[in-house]
Amino acid sequence: MLSHDVAGSPGRDVLASLKGLSGKSIERVRRRRHITQADFARAVGLSVRWLREVEGGNPSSSLEHHLLCSQQLGIPLGQMLFPLLYLSRGMTYPLPLASLDTVELETRFVELIAERNSRAVRDFLGHDPRLSGMRS
Amino acid sequence: MAAPDPQIRGQVEERLATLLERGELLPGAVVPIAALARRWSVSETPVREAGWRAVGAGLLVPEPRGGFRVREPDIDGLRDLYDALELLLVSAIGLLPASASRTRRAATLPDADRGPDPGDADAASTFLKLARLAGNVEFVELIRRLGNRLAPFRRAEASFLADDSREADLLMDALKRGSRADMRIAIRRYCRRRRTLAPATLGLIAEWRRAAAHQD
């Protein structure tokens, strides 16, 4: 199956779904690095109980704690950002992306924004193809 | 009438651009076409042609009864130019190589086109360096264009900002260290100060223009 309906029917809490995805990802990376919950909790300054809530994707866990844990493990922000984008638009997030490296997507995202900004400045300055003649 | 020699055309364009950059022709001043043609020993045609090109580049505006005037933005217009500069530079930071050490190495290479210039041209060349490091040709061209538009104002700003060379040094230093956060801070500060100064900058230029008109 290529996609998995994490958004569910409209009206379900977008943040709760996001925390579910994020918690799984945090737990997966922590385990892969053979870091115990106790050690990791100490490193990020959370109690073990709170870390369990984060990894379990408890809807009452704080998004800030999810970000903190992700950052500590070097999980790219895109892993939270892109699902959030899908979920907030009521779209199904294609799960294979979650296991993909989102760094490339993030880079392209940054490039797209830069491209958009340069177009805006070009429009603002007035386009002139002959301009290359001025002080080039 | 025969079209001017392309070489002459290029030279006249270059000279006109230099005049505008050095602020010899102040924003709001009328371009003295006949006098420039005499000074450069050319006919008025290539000067007018260069004028129209500078109109296309946003440096001059045509006068209703013929001729040109140096484009003079109002306070918001000048602030918009700094907004555009900040937008481009901050976007360029995002495009820098991911590895800080690569940015550091590239930033310490000398620029072929870095020459002595008036005002805080050091900041202008550091901006260009940043755009080049970002590896985006479009950014280099746009930052150069913005630099040309801002050139006359830089001279006026320099009379208010005693520490403007230090500002350029801070940015260059951040670039050499490959610190994106410090680059952002330096750029924001640079643009914010000049946006705040915009009324004073335009006031000083108007004063200079009046003094120049008295001399003529």
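No experiment lies behind these values; they were computed from the predicted model shown.

### So, the interface of chain B and chain A
Where the parts come together, the accessible area they lose is often given as the size of the interface.
Line of reasoning, step 1. Listed per partner, the contact involves 20 residues of chain B and 17 residues of chain A.
Line of reasoning, step 2. Contributions of two or more residues to the side of chain B that touches chain A are made by helix H1 (6-22), helix H3 (44-56), helix H4 (75-95) and helix H7 (137-158) of chain B.

### What to know about the environment of Gly45(A)
Line of reasoning, step 1. Residue placement: Gly45(A) occurs in the loop between helix H2 (37-44) and helix H3 (48-55).
Line of reasoning, step 2. Counting along the chain gives 20 residues from Gly45(A) to His65(A), while the straight-line C-alpha distance between them is 9.7 Å.

### Observations regarding the nonpolar core
Line of reasoning, step 1. Grouped together as the largest cluster of nonpolar side chains are 58 residues, with contacts concentrated most on Leu85(B), Leu88(B), Leu89(B), Ala92(B), Leu130(B) and Leu171(B).
Line of reasoning, step 2. Leaving out residues up to four positions away in the same chain, Leu171(B) has contacts with Ala123(B), Thr126(B), Met183(B), Ala186(B) and Ile187(B).
Line of reasoning, step 3. Counting residues in hydrophobic clusters, the runner-up holds seven residues, among them Ile26(A), Leu46(A), Val54(A) and Cys69(A).

### Thoughts on helix H7 (residues 103-125) of chain A
All names here are of chain A.
Line of reasoning, step 1. Between its first and last C-alpha atoms H7 spans 33 Å; for 23 residues at 1.5 Å apiece the expected length is 33 Å, and the two agree.
Line of reasoning, step 2. Turning to H7, its buried residues are Ala114, Ser118 and Val121.
Line of reasoning, step 3. With its phi angle positive at about 90°, Gly126 sits one or two positions after the end of H7.

### Looking at the packing of H1(B) against H3(B)
Residue and element names in this part refer to chain B.
Line of reasoning, step 1. Between H1 and H3, whose axes approach to 9 Å, the crossing angle comes to 60°. In terms of orientation, H1 lies oblique with respect to H3. Seen from above, H1 lies across H3 with right-handed handedness. Across the interface between the two elements, Ile8, Arg9, Val12, Glu13 and Leu16 of H1 pack against Pro46, Val47, Glu49, Ala50, Arg53 and Ala54 of H3.
Line of reasoning, step 2. Considering only residue class, the contact of H1 with H3 consists of seven nonpolar, no polar and four charged.

### Brief notes about the packing of H7(A) against H7(B)
Line of reasoning, step 1. Between H7(A) and H7(B), the shortest axis-to-axis distance is 11 Å and the interhelical angle comes to 35°. Judged by the twist between their axes, the crossing of H7(A) over H7(B) is left-handed. Across the interface between the two elements, Ser118(A), Val121(A), Arg122(A) and Leu125(A) of H7(A) pack against Glu138(B), Phe139(B), Leu142(B) and Arg145(B) of H7(B).
Line of reasoning, step 2. Broken down by class, the residue content of the contact of H7(A) with H7(B) amounts to four nonpolar, one polar and three charged.

### Focus on the domain arrangement of chain B
Residue and element names in this part refer to chain B.
Line of reasoning, step 1. Entries for chain B in the domain assignment read domain 1 (6-72) and domain 2 (75-210).
Line of reasoning, step 2. With 12 residues of domain 1 at the contact, the number on the domain 2 side is 10 residues.
Line of reasoning, step 3. Split into classes, the residues belonging to the side of domain 1 that touches domain 2 amount to seven nonpolar, three polar and two charged.

### Regarding unusual backbone geometry
Line of reasoning, step 1. Not every positive phi belongs to a glycine, and His34(A) is a case in point at roughly 55°.
Line of reasoning, step 2. Among the residues examined, His34(A) registers 7 C-beta atoms within 10 Å and is labelled exposed.
Line of reasoning, step 3. The residue Ser41(B) is not glycine, and still its phi comes out positive at about 55°.
Line of reasoning, step 4. Assignment of secondary structure puts Ser41(B) in the loop between helix H2 (33-39) and H3.
Line of reasoning, step 5. By C-beta crowding, Ser41(B) is classed as exposed, having 7 other C-beta atoms within 10 Å.

### Examining the environment of Asn117(A)
Line of reasoning, step 1. Within the secondary structure, Asn117(A) is located in helix H7.
Line of reasoning, step 2. Residue class for Asn117(A) comes out partly exposed when judged on the 19 C-beta atoms lying within 10 Å of it.
Line of reasoning, step 3. Between the C-alpha atom of Asn117(A) and that of Thr92(A), which follows or precedes it by 25 residues, the distance is 29 Å.
Line of reasoning, step 4. Contacts of Asn117(A), omitting those with residues within four sequence positions, involve Leu87(B), Leu88(B) and Ser91(B).

### What to know about the environment of Gly90(A)
Residue and element names in this part refer to chain A.
Line of reasoning, step 1. Inspection of the secondary structure puts Gly90 in the loop between helix H5 (78-88) and helix H6 (96-99).
Line of reasoning, step 2. Judged by C-beta crowding, with 13 C-beta atoms within 10 Å, Gly90 ranks as partly exposed.
Line of reasoning, step 3. Considered as a pair, Gly90 and Val14 are 76 residues apart in the sequence and their alpha carbons are 8.4 Å apart.

Criteria and thresholds
Sequence order as written defines the numbering, with residues in each chain counted from 1. To read the labels, note that chains go from A and ligands from 1, taken in the order they are written. Local features in this predicted model are restricted to residues of pLDDT 70 or higher, and side-chain atom pairs are both shown and tallied only at a pLDDT of 80 or more, whereas totals for entire chains, interfaces and linings draw on every residue. We call two residues in contact if the C-beta atoms placed from their backbones are at most 7 Å apart. Only runs of H or I of at least four residues qualify as helices and only runs of E of at least two qualify as strands under DSSP, and these elements are numbered from the N terminus. Connectivity within a nonpolar core runs through C-beta atoms within 7 Å, and the core itself is a set of buried Ala, Val, Leu, Ile, Met, Phe, Trp, Tyr and Cys residues. Exposure criterion: with C-beta atoms placed from backbone coordinates, a residue whose C-beta has 20 or more other C-beta atoms within 10 Å is buried, one with 12 or fewer is exposed, and one in between is partly exposed. Here the expected length of a helix is defined as 1.5 Å per residue gap, with one fewer gap than residues. For helices, the axis comes from a line fit to the C-alpha atoms of the stretch in contact; other axes are also lines fit to C-alpha atoms, and the angle between any two N-to-C directions lies between 0 and 180 degrees. The cut-offs work like this: below 35 degrees is roughly parallel, past 145 is roughly antiparallel, 65 to 115 is roughly perpendicular, and the gaps in between are oblique. The hand of a helix crossing depends on one turn: near helix anticlockwise from the far one by less than a right angle means left-handed, and clockwise means right-handed. We call Asp, Glu, Lys and Arg charged. Ala, Val, Leu, Ile, Met, Phe, Trp, Tyr, Cys and Pro are nonpolar, and the rest, Gly among them, are polar. What marks off one domain from the next here is an automatic or database domain assignment.

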